[in-house]
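# Observations on the three-dimensional arrangement
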Amino acid sequence: MRTLLLMLLTLGALWATPVRAQEDCETCYTPASRIMLPSMERQFSDLCDITIQRDPGCQGIEESKRLRCNETQRQNRAWSGHQPGQRLLSCVRRIATDMLQLGDMIMKLIKFLVGSFIRNHLDMISFMTDANFRAESLRRSGNQSRMMMAFLNGATRNFAREFPINYRAEQSRHGAFDVGGNSLRALGTTLLAPFLKMVTDSVTAIAQSQIEQFQCLNGQAKWDAICSMAAGFILPPAAIFGFLKYGIAGIKAVAVSKQTQSFMAAARSTFARVATAPRAAARTVTGGGRGATRAPPAPRPAAARPAPAAAPPRPREGVPPAPDAPAALPEGRAVPDVPAPAAGAPVAPVRGVASADELARAAALSDEARIVEAQTLLGRELSESQRTALLDAHNVGRRGPDGQMLPESEWRGYGTYTAEDIAQKARILADNGFDMAERRLLMDRGIAGGIAPGRVDADALRVLRREAQEAIVEAERHLPASYLSRAANPAELVAFREATGTAGEIAERAAVASGMEYYPTRTAWETFEKAGRFDDAARLRLAFMRARPDEAGMASGISYEIRSFEEFVSRNPTDIVARERLATLRQVDDALRRDQGLPTRADTERIAREAARREATEKAAREAAEREAAERLARETAEREAAEAAARNAAASTETERAAQAAVAADRARAVDWPSTANASAYDRAARLLTDSVRTGNGETAAAIAERVARLPFDGGFQKRTEFIRDLESNFFRGGAPLATDLAELRRLERVLDTVEPVWNAERVQPGKLPVLLDSVRTAIRAAESAP
Amino acid sequence: MRLTLLLCLVAIALPAHALQLDQRFEMREQFDGVTNFEDVHRELQVAVSPTELRFEDINPQSIKELQAVFQVKKEFGKMFGFSDWTPGRQQLFENPQGRFFLLEGNYKSNQGKTVYFLEIYHADRAKGGGEYLVTSDVKPVALEDWKKVFTP
């Protein structure tokens, strides 16, 4: 009895301070953790048998997995005889099924490492694998400037840039289904090994510190337990960094956080499944002392949550253990809330209350999807009235007392439903043939509920956004990889567009769940644009602008984007996608303008066009009128000036003409009848008048004399005309050619001859001299005219 | 009272200088504190994260100290999926939007491609700012390209 009491005291003390307890009670018994200490190497085989038999924790372990006392201590260690690299990769493949999740973890790791005193990548490997180095580097850290920290932290941006590229490359190499493996391999060969070792070291440390029976396992069983725990759960980063920084004490320090507690509980659960003995042995309990027994767990009610699977496909942090799960392991306080594995128990048909992200997903369901989801959940077809009732129940909290839909800002949802809302939902469902279990299920799973705007669950939103990103990445796999250097064929493009459209729908759910925040909504509309669903893109964009009219710069952003695309399209007129995107932007812009009672872009352009046209018309009319007026003025001025000039000219010409006529008349008046050669003085005077008039005068006197000669009657006149021509020949010609060279004189001479010629020709059978002289004069005139 | 009013006015005026990423950049994967963006048409990527840098942290002396740890980043690369990190030209300047430190260079990606980068560190007087990694694996990204990153 005394021994039993001592053992109990020892157990209690060990949990708080295990090492001190061992030192204080060396004689009581040696717990398994104690004999695995290096200092106990020599005593191992001696102590092992006793310990395994006495240690209450070890009694719960299946025999084949217990410490093997006939082997050395080294062989009973987890890493004994194993090459960790490849084995780790294969066993912790699911350590982060989500690329982004793993990326986040590494980002934290980089920042943590940067905060330490690390000089190169070998230091970093040492840091992650060597506790002494870690302690030293942490001691020396703390004197880096913020600029230096920012620069080194920049490695996170390099990582964020390269990691998705590496991930996609791994996907094409290893296929899309090896999700966890792809994301791990995307870390690169240098980081992968130390990272895996760090993870498994953390898990080992957690197991050692939190699960007493861990030390009761032999090497292989340890390995299996570590592998299961690491593979089945996402390690909370706080636990990893706590371990990195402070070792076991660090893990205990962070163990109080909710996330870490959840992980610990899940780890213990996994450990129990992997390592413990069959049920009969598991019921042996030490809570009241060794040998005491606990009542076997009660059969689980139908609504109880089943034990977590060994490696759930999408494990999550923060999932608390079911409150009603019975404790089944024998170590008392170490595993107070672990659900026992109920071998052979039927799978519970009801899944329990939904998590936040499941609620967010449920809230974003369309009416049709909601009915399908309900049918799947209940495992039966819903009647028409039940479908309507389901949707009515879903809309409770969204309608006012008058049955009309309330403004979105006044909706109630998960967490804000009143008791009356919930009662009303239950009543609607009950009235339409849903039994109590079904009602409970529909409400617990969020199918009959919704999210109140403004209540954004960050975790749920993150999950939805990741799903969208994954769907987007998955959609891109329908296109040929860039390294293939070929264009997508039509079938690939169709598949890509369809998958991207689906991704857009998921992204839209995230946008709705976020309360139409900018980035989730933008991701959704851009995804729709990629899918060629420009109407959906415009609808979302418009919904965002309407939901968040005060977002700074968004309106100007649209204008800027439109201008950018206009510029781009003008330079790349064959880019159909850009054209369609521009059309989307214009559509949104128009709708927003209409919302604000402003003219749309098209209206503005039309008004501007009309104004320009009107202005152009007015300008043209104005210019035409001005031109006409100017022309009229010019014409009138010209006419007036012309008239004045004409008047002036007319007056001038009249005077000149009168003077000329007077001069002509005077000259002609001087003409005389051609005298007979017998009257010498009269003949000389007449010959002089003729010569002067032709040579220096205006020829009028000579012409008048010639006219008088020509008018003489044949009798007497024939002789005088012969003497007149002979006189002209002797005075004005030499050798038949005229003496004069002056054109005017020649023209005057021609006029004289020309006046006499008709009569001369008429009264003579032979023409005689006159025509010859006249020809020679005319020849001379032509010659004078053609002379330069 | 006047001083309070003045400070309020300054506080209101300062965010007006906050830098906004050019609208042509489309959002890609988001990691803890870092968001990737891509401008498909200009074949540029930007990884953006908030900064703890203060205006006075970006100065000639801190930049000089920074150069001493370039070697560390060369070594970091091997851990995080790239290698041969090689710095090029650097520039420190100040404008009404705050202080900037720009660093151009290149590195080799795990895929064997040469990736050209431009790191931008920005801090304004209102404790705002950001850290940006502009990259392209098809064409060099020069110091002068920083203007392409932000909405003018």
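Residue numbering note: each chain is counted from 1, following its sequence as written. Here chains are named by letter from A upward and ligands by number from 1 upward, in the order in which they appear as written. For a predicted model such as this one, the threshold for reporting local features is a pLDDT of at least 70, and the threshold for listing and counting side-chain atom pairs is 80 or more; totals across whole chains, interfaces and linings nevertheless cover every residue. Side-chain metrics in this entry use all non-hydrogen atoms of the structure; hydrogen atoms and water are not considered.

### Describing the pairing of strand E6 (residues 114-123) of chain B
All names here are of chain B.
- Exposure is judged per residue with a 1.4 Å probe applied to protein chains only, and the accessible area is read against the type maximum: over 50% gives exposed, under 20% gives buried, and values in between give partly exposed. Each helix corresponds to a stretch of at least 4 residues labelled H or I by DSSP, and each strand to a stretch of at least 2 residues labelled E; elements are numbered beginning at the N terminus. The element E6 is extensively covered by neighbouring structure, given that eight of its ten residues are classed as buried.
- Two strands pair when backbone bridges link them, and strand E5 (residues 98-109) and E6 are joined in this way by ten bridges, in the antiparallel orientation. Among the inter-strand pairings, Tyr107 is bridged to a residue of E6, identified as Val115.
- The criterion for strand pairing is that DSSP finds at least two bridges linking the strands in question. Here E5 hands over to E6 after four residues, with Gly112 in that stretch at a positive phi of 85°.

### Examining the confidence of the model for chain A
Residue and element names in this part refer to chain A.
- A residue's pLDDT is simply how confident the predictor is in it, with values from 0 to 100. Scored by pLDDT, chain A has a mean of 73; 72% of the residues are at 70 or more.
- The lowest-confidence element of chain A is helix H17 (residues 279-282), averaging 37 in pLDDT; the highest-confidence one is strand E2 (residues 737-738), averaging 90.
- Note on residues 1-28: pLDDT is under 50 here. Beyond four places in sequence and across chains, it has 31 contacts.
- Residues count as neighbours in contact if any of their non-hydrogen atoms are within 4.5 Å of one another. In the model, residues 278-352 has pLDDT below 50 throughout and makes 109 contacts with residues more than four positions away in sequence or in other chains.

### Here we look at the interface of chain A and chain B
- On the side of chain B, 56 residues touch chain A, which itself brings 59 residues to the contact.
- Roughly 5200 Å² of surface becomes buried between chain A and chain B when both sides are summed, with 60% attributable to carbon and sulfur atoms.
- For this document, the term salt bridge refers to a Lys or Arg side-chain nitrogen within 4 Å of an Asp or Glu carboxyl oxygen. Here chain A is connected to chain B by four salt bridges.
- The salt bridge involving Arg168(A) is made with Glu29(B); its shortest N-O contact spans 3.0 Å.
- N or O atoms within 3.5 Å of each other form a polar contact, as long as, within protein, one can give a hydrogen and the other can take it, and as long as residues adjacent in sequence are counted only when both atoms are side-chain atoms. Put simply, chain A and chain B have 13 residue pairs in polar contact (both at pLDDT 80 or more) between them.
- Only helix H7 (99-115), helix H8 (121-129), helix H10 (146-174), helix H12 (189-210), helix H23 (458-476), helix H25 (518-530) and helix H27 (554-571) of chain A provide two or more residues apiece to the side of chain A that touches chain B.
- Sort the elements by how many residues they give to the side of chain A that touches chain B and H10(A) lands first, with 22 residues.
- Note on residue categories: nonpolar means Ala, Val, Leu, Ile, Met, Phe, Trp, Tyr, Cys or Pro, charged means Asp, Glu, Lys or Arg, and polar means any other residue, Gly included. Split by residue class, the side of chain A that touches chain B holds 29 nonpolar, 13 polar and 17 charged. Defined here as a combined quantity, buried area equals the accessible surface (1.4 Å probe) lost by two parts on assembly, summed across both.

### Comments concerning unusual backbone geometry
All names here are of chain B.
- In this model, Glu43 sits at a positive phi of 55°, which is unusual for a non-glycine residue.
- Structurally, the position occupied by Glu43 is in the loop between strand E2 (34-39) and strand E3 (44-49).
- For Glu43, a relative accessible area of 40% puts it in the partly exposed group.
- In this structure, Lys127 takes a positive phi of about 60° despite not being glycine.

### Overview of helix H9 (residues 131-140) of chain A
Residues and elements named next belong to chain A.
- Every buried residue belonging to H9 is among Arg134, Ser137 and Leu138, and all of these are buried. For H9, the angular spread of the buried residues around the axis is 100°, confining them to a single face. Exposed side of H9, more than 90 degrees from the buried face: Asn132 and Arg139 are the residues found there. Within this analysis, the arc is defined by the directions that extend from the helix axis to the C-beta atoms.

### Side note on the packing of helix H33 (residues 743-762) of chain A against helix H34 (residues 769-786) of chain A
All names here are of chain A.
- Direction vectors running N to C along H33 and H34 enclose 155°, while the axes themselves pass 9 Å from each other. The angle between H33 and H34 places the two elements in the roughly antiparallel class. The way H33 lies across H34 gives a crossing that is left-handed. The residues of H34 that touch H33, namely those facing Leu743, Leu746, Arg747, Leu749, Glu750, Leu753, Asp754, Val756, Glu757, Trp760 and Asn761, are Lys769, Leu770, Pro771, Leu773, Leu774, Val777, Arg778, Ala780, Ile781, Ala784 and Glu785. In this analysis, axes come from line fits to C-alpha atoms, helices being fitted only over the stretch in contact, and the angle between any two N-to-C directions falls in the range 0 to 180 degrees. Here roughly perpendicular refers to angles of 65 to 115 degrees, roughly parallel to angles under 35, roughly antiparallel to angles over 145, and oblique to all remaining angles. Helix crossings fall into two classes, left-handed where the near helix is turned counterclockwise from the far one by less than a right angle and right-handed where it is turned clockwise.

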